[in-house]
Amino acid sequence: MFPTHRPRRLRTHPQLRRMVRETVLTTSDLIYPLFAVPGEAIANEVKSMPGVYQLSVDKIVEEAKEVYDLGIPSIILFGIPADKDVDATGAWHDCGIVQKAATAVKAAVPDLIVIADTCLCEYTSHGHCGYLQTGDLTGRVLNDPTLELLKKTAVSQAKAGADIIAPSGMMDGFVQAIRQGLDEAGFQDTPILSYAAKYASGYYGPFRDAADSTPQFGDRRTYQMDPGNAREAIKEIELDIAEGADMLMVKPALAYMDIICRVKEASNLPVAAYNVSGEYAMVKAAALNGWIDEERVVMETLTGFKRAGADLILTYHAKDAARWLK
């Protein structure tokens, strides 16, 4: 009457558990987000994201060196410009903050892969991801005119040294427009990491503190996806693949692991998951209050993203995770 099958046999020793582990997290899976601001010697901590800073370019370079030394292969750059306008000039100008940061990082750490977030919300005076109709107070972005802005932004980022372009605005046709722009400018080998399934989420709150990108009115529900939709995510990734995406992203990650799994099963492309600011802030707050074991929870969460199908994980925990993995 005793059990014939005893799965616990393979759990009796730490080394045995390591030998049969199905999902293994490594530093090669990690991408570290950084926020660039104008000035020198600036490191402003984001109050809602302990341990995360707005950094001037010189400090970005220091961070990039540390990230590379930890074995993390890539960073993604976000920018907070000195001035904002309706044309999002800071996003596509050759002297834009992301462009300056990308150039400086590639000069200092040439083997570190620099991803440029290609969006407009940090750079527009109204905080939306593109052009609005004159007088619009709802945030309904004009899709096709915005594609021209995204194309200009992507080309300027590639010229500045960005290795990967990552459009995040969820405009229809944005991958095709950016691919066309990059190819015409001679950047045929620059890959596109598309925010293919980006949901209108409450988990983005702390990011908007970090990137100063809160909409001045309305919201982003007319262009970011409804959290209740899963089949629509597959439609979005199929369109992006057809338009030339090289990699796909699901954002946020924690409440959307089913979407990560579906996207992985539906495509042959590498899949990234963005462990977003609200997810990070909740863990940090609980850890600072002594309510959870931070290392254990972070590593379990990141492993969960990979188990769900993520090949790459964008996370503010990346440096800590790299140290714990060592």
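Report on the accompanying structure. Values in this document were obtained by computation on a predicted structure and should not be read as measured data.

Moving on, we get to the environment of Asp 58. Secondary-structure assignment places Asp 58 in helix α2 (residues 57-69). Of the residues examined, Asp 58 reaches a relative accessible area of 31% and is grouped as partly exposed. Of note is the side chain of Asp 58, whose polar atom sits 2.5 Å from the side chain of Ser 56.

It is worth spelling out the packing of helix α8 (residues 231-243) against helix α9 (residues 257-266) at this point. When two helices pack together, their arrangement is given by the angle between their axes and by how far apart the axes lie. Closest axis-to-axis distance for the α8/α9 pair is 10 Å, and the angle between their directions is 40 degrees. Classified by the interaxial angle, the pair formed by α8 and α9 is oblique. Classified by chirality, the crossing of α9 by α8 is right-handed. Residues Arg 231, Ala 233, Ile 234 and Ile 237 of α8 form the contact with α9, whose own contacting residues are Ile 259, Arg 262, Val 263 and Ala 266. For the contact of α8 with α9, a count of residues per class yields six nonpolar, no polar and two charged.

It is worth spelling out a nonpolar patch on the surface at this point. A surface patch of nonpolar side chains, about 310 Å² in accessible area, is lined by Leu 10, Met 19 and Val 20. With respect to the helices, strands and loops of the structure, Val 20 is situated in the loop between α1 (14-19) and β1 (30-36).

For helix α11 (residues 294-308), spanning 15 residues, the distance from its first C-alpha to its last is 21 Å, which sits close to the expected 21 Å at 1.5 Å a residue. Within α11, the full set of buried residues consists of Glu 294, Val 298, Met 299, Thr 301, Leu 302, Gly 304, Phe 305 and Ala 308. Buried positions along α11 lie against β1, α9, β9 (271-275), α10 (277-288), β10 (312-315) and α12 (318-325). Put simply, Asp 293 is the residue that caps the front of α11, since its side-chain oxygen is 3.3 Å from the backbone nitrogen of Glu 295.

Now for a positive patch on the surface. On the surface, a cluster of positive charge is contributed by Arg 6, Arg 8, Arg 9 and Arg 11. Along the chain, Arg 6 turns up in the segment before α1.

Okay, empty space enclosed by the protein next. Following the criterion strictly, the structure yields one cavity of 30 Å³ or more and no others. Estimated volume of the largest cavity: approximately 110 Å³.

Another point: the pattern of salt bridges. Note on pairing: side chains with opposite charge can pair once their charged atoms come close. Scanning the entire structure with this criterion turns up 13 salt bridges. A salt bridge links Glu 63 to Lys 319; the nearest nitrogen and oxygen atoms lie 3.0 Å apart. Linking Glu 63 in helix α2 with Lys 319 in helix α12, this pair joins segments that are 256 residues apart in sequence. Residues Asp 183 and Arg 179 are paired through a salt bridge, measuring 3.0 Å at the closest nitrogen-oxygen approach. Here Arg 179 and Asp 183 lie together in helix α6 (residues 174-184), a separation of four residues that amounts to about one turn. Beyond isolated ion pairs, a larger network of salt bridges with shared partners links Glu 63, Glu 66, Lys 319, Asp 320 and Arg 323.

So, about unusual backbone geometry. That bond from Lys 251 to Pro 252 is cis: its omega, -5 degrees, falls within 30 degrees of zero. Although it is not a glycine, Ala 41 adopts a positive phi angle of roughly 55 degrees. Examined against the element boundaries, Ala 41 turns out to sit in the loop between β1 and β2 (43-45). Ala 41 sits in the exposed class, given a relative accessible area of 56%. Despite not being glycine, Ala 88 has its phi angle at roughly 50 degrees, a positive value.

Moving on, we come to the pairing of strand β5 (residues 113-118). The element β5 is extensively covered by neighbouring structure, given that five of its six residues are classed as buried. Direction of pairing for strand β4 (residues 74-79) relative to β5: parallel, over a ladder of four bridges. Its bridge partner lying in β5, Ile 75 is registered against Val 114. Bridge count between β5 and strand β6 (residues 164-167): four bridges; the pairing is parallel. Bridging across to β6, Ala 116 finds its partner in Ile 165. The handedness of the β5 to β6 crossover, carried by helix α5 (residues 143-159), is right-handed.

We now examine the nonpolar core. Ranked by internal contacts, the top residues of the largest apolar core, which has 81 residues, are Ile 75, Leu 77, Leu 182 and Ile 259. It is α5 that contributes the most residues to this core, six residues altogether. Look past the residues within four positions of Ile 259 in its chain and what remains in contact with it is Ala 197, Tyr 199, Asn 229, Ala 230, Ala 233 and Val 250. Ranked by size, the runner-up nonpolar core spans 27 residues in total, among them Phe 35, Ile 164, Tyr 204 and Val 276.

Glancing now at the packing of aromatic side chains. On inspection of all chains with the given rule, the structure shows eight aromatic pairs. Each residue in the set Phe 35, Phe 78, Phe 207, Tyr 274, Tyr 280 and Tyr 316 is aromatic and connected to the rest through ring pairs, giving one cluster. Residue placement shows Lys 152 over the ring face of Trp 92; its charged tip is 3.6 Å from the ring centre. Lying over the aromatic face of Phe 207, Lys 251 brings its terminal NZ or CZ to 5.2 Å of the ring centre.

What counts, and at which threshold
- Residues numbered from 1 in each chain as written.
- Predicted model: local features only at pLDDT ≥ 70, side-chain atom pairs only at ≥ 80, totals over all residues.
- Heavy atoms only, no water.
- Helix = DSSP H or I, 4+ residues; strand = E, 2+ residues; numbered from the N terminus.
- Buried < 20%, exposed > 50% of the residue type's maximum accessible area, 1.4 Å probe, protein only.
- Polar contact = N/O pair within 3.5 Å; in protein donor to acceptor, adjacent residues only side chain to side chain.
- Axes fitted to C-alpha atoms, helices over the stretch in contact; angles between N-to-C directions.
- Parallel < 35°, antiparallel > 145°, perpendicular 65-115°, else oblique.
- Left-handed = near helix turned anticlockwise from the far one by under 90°.
- Contact = heavy atoms within 4.5 Å.
- Nonpolar A, V, L, I, M, F, W, Y, C, P; charged D, E, K, R; others polar.
- Patch = residues over 30% accessible without salt bridge, like charges linked within 9 Å, V, L, I, M, F, W, Y side chains within 5 Å.
- Areas by Shrake-Rupley, 256 points an atom, 1.4 Å probe, with all protein chains shown as cover.
- Salt bridge = Lys/Arg side-chain N within 4 Å of Asp/Glu carboxyl O.
- Expected span 1.5 Å × (residues − 1).
- Lys, Arg positive; Asp, Glu negative; His and termini not counted.
- Charge placed at Lys NZ, Arg CZ, Asp CG, Glu CD.
- 1 Å grid on protein atoms, 1.4 Å probe; cavity = no way out; pocket = protein on both sides within 12 Å on 5 of 7 lines; lining within 4 Å.
- Points joined across faces, edges and corners; volume = space filled by probe spheres on them.
- Pairing = 2+ DSSP bridges.
- Right-handed = clockwise from strand over helix to strand, strands pointing away.
- Core = buried A, V, L, I, M, F, W, Y, C linked by side-chain atoms within 4.5 Å.
- Phe/Tyr/Trp six-rings, centres within 6.5 Å; stacked < 30°, edge-to-face > 60°.
- Lys NZ or Arg CZ within 6 Å of the ring centre and 35° of its normal.

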